[in-house]
Amino acid sequence: MLSIAAGSASGQLLLVLAAPVLARLYGPADFGLFAVLATLAATVGAVAAGRFELAVPLPELDREAHDLALVGLVAALGTALVGTVVVAVARDEIAALFDHPALGTWLWLTPWTAAAMAAVQVLNQLAIRYRRYAAIGRRNFLQSVATLLTQLGVGAIGLRSGGLALGLGAGHLVGALSLLPGARLRTADPPPEQPRRRMWRVAVRHRRFPLLLAPAGLLNVLGLQLPVLLIAYYYGAEVAGWFGLAQRMLAMPVALIGTAIAQVYLAELSQAARTGGGNAAALFLRTSRHLGMIAAAGVLLIGFGAPWAFAIAFGHEWTTSGAYAQALAVYVAAQFVGSPVSQTLIVFGRQNLQLAWDAGRALLVGAAVAGTALSGASALAAVWAFGLSAAVAYGASWLLSLYVVTRARRHAPPANAEPEPLTLTGGR
């Protein structure tokens, strides 16, 4: 965890220090445009690799894991090409939907940023498999630096409407390239047709991931991103910009600590599952306890200090973002605890539960925000509705993971158990 967090800490520190500069280079409307573009990219990027990346840490054979990674990368490229065609046909209609003309100009970034996000996910899962934690930390740092330098440079030359989105795409591209060395994707002179046949076989063998987890992944990211689109739709780009900055700042500690813990937890839980799952429950509870202590301190800090901290750091026009941060504090704490350990469902093959939870959360938070907006309530009330409904959803996710890991422990053989004697009978 420290190996990953070391790289993340440097990158996130740079983003924190540069955030006041970005808030003065870009206005709330620019952040609103970025929130819509980033939301669309994250939504497509969540399923661009077909969710094959989630299977990469699981196979016992490295060759199968490599083939899964290649399948995911090919799927990401195909998604980018198809997305480009969609943007060429429908960008004006999408821009009109959000009443933001600049959206049509920069919408072409979405499919390629999504593909870069998917490539990072695939190569990161391969790095997790081999416990290349230093490489993951280095990727976190380089991705943050590339994002920040691009956003600052483009903003400084006056190309502000799409500068934040350009930085997002550049950062993920650099992040993916940084993980390629040591990925072990190439083999020694295989026959030309052999890789394609292997990739097809491994895709068919792991078809549950695109069939079940692709819809789940889409619902998962919609549960996070749909409120952004709804707020932009109902309340306008400026409100979306205030909301986007609040999310951006609250996401930094999650990215710094929570993501590092999540990646190590996935690697260790996958190993526990391959060896019978006997110590998986202890790992789950210990990780939850540590995350919970950090989350509790964060809620207090955000709840009491967010409005004046935003006003001091970013200027008076961003005070509203501080109020939005307060409304999101409980949700961020619940996400900080529930999201890393939710991988328990995937590791133990409970994709059906993951799909059901993702669908339930998307419906819950979407209905909460849309219902609040349609009732004529303020934007702040809509943000509170999103925060509280999402917190409830993450509490349910934690309980599902606890249920699954407890059953795995109950069915695991004792660590010191003797093998059962081999008997020959007529039964099955």
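For the structure itself, look to the data block above.
Residues numbered from 1 in each chain as written. Predicted model: local features only at pLDDT ≥ 70, side-chain atom pairs only at ≥ 80, totals over all residues. Heavy atoms only, no water.

1. Comments concerning the nonpolar core
If you look at the biggest cluster of nonpolar residues, it comprises 99 residues, and the most contacted ones within it are L103, F243, F314, Y324, L328, Y331 and F386. In terms of residue count, helix α10 (residues 237-274) provides more of this core than any other element does, 17 residues in total. Apart from residues no more than four positions distant in its own chain, F314 is found in contact with A19, P20, A23, R24, L245 and M249. One finds A49, L68, L126 and A216 within the second-largest nonpolar core, a separate group that totals 22 residues. (Core = buried A, V, L, I, M, F, W, Y, C linked by side-chain atoms within 4.5 Å. Buried < 20%, exposed > 50% of the residue type's maximum accessible area, 1.4 Å probe, protein only. Helix = DSSP H or I, 4+ residues; strand = E, 2+ residues; numbered from the N terminus. Contact = heavy atoms within 4.5 Å.)

2. Things to note about helix α9 (residues 208-235)
The terminal C-alpha atoms of α9, which comprises 28 residues, lie 39 Å apart, in line with the 40 Å expected from a rise of 1.5 Å per residue. G223 marks where α9 bends most, by close to 45 degrees; the proline P227 follows one to four residues later. Downstream of α9 by one or two residues, G236 has phi in the positive range, about 100 degrees. (Expected span 1.5 Å × (residues − 1). Bend = angle between axes of the 7 residues up to and from the residue.)

3. Some points on the packing of aromatic side chains
The final tally for this structure, using the stated rule, is nine aromatic pairs. Centroid distance F31 to W318: 5.2 Å. Interplanar angle 75 degrees. Geometry classified as edge-to-face. Taken together, the residues span a long stretch of sequence, with F31 in helix α2 (residues 28-45) and W318 in the loop between α11 (280-314) and α12 (319-341) at a distance of 287 residues. Like F31, the residue W318 is buried in the burial classification. Both rings, one in F243 and one in F386, keep their centres 6.1 Å apart while their planes meet at 75 degrees; by these two values the pair is edge-to-face. Taken as a pair, F243 in helix α10 and F386 in helix α15 (residues 379-411) lie far apart in primary sequence, 143 residues in all. An aromatic cluster of three or more residues is present, and its members are F243, Y331, W357, F386 and Y394. (Phe/Tyr/Trp six-rings, centres within 6.5 Å; stacked < 30°, edge-to-face > 60°.)

4. Digging into the packing of helix α3 (residues 62-97) against helix α5 (residues 109-129)
Where α3 meets α5, the closest approach of the two axes is 8 Å, and the angle between their N-to-C directions is 170 degrees. With respect to α5, the axis of α3 lies roughly antiparallel. Its residues assigned to classes, the contact of α3 with α5 comprises 16 nonpolar, four polar and two charged. (Axes fitted to C-alpha atoms, helices over the stretch in contact; angles between N-to-C directions. Parallel < 35°, antiparallel > 145°, perpendicular 65-115°, else oblique. Nonpolar A, V, L, I, M, F, W, Y, C, P; charged D, E, K, R; others polar.)

Don't take any of this as a statement about function, it's just geometry.
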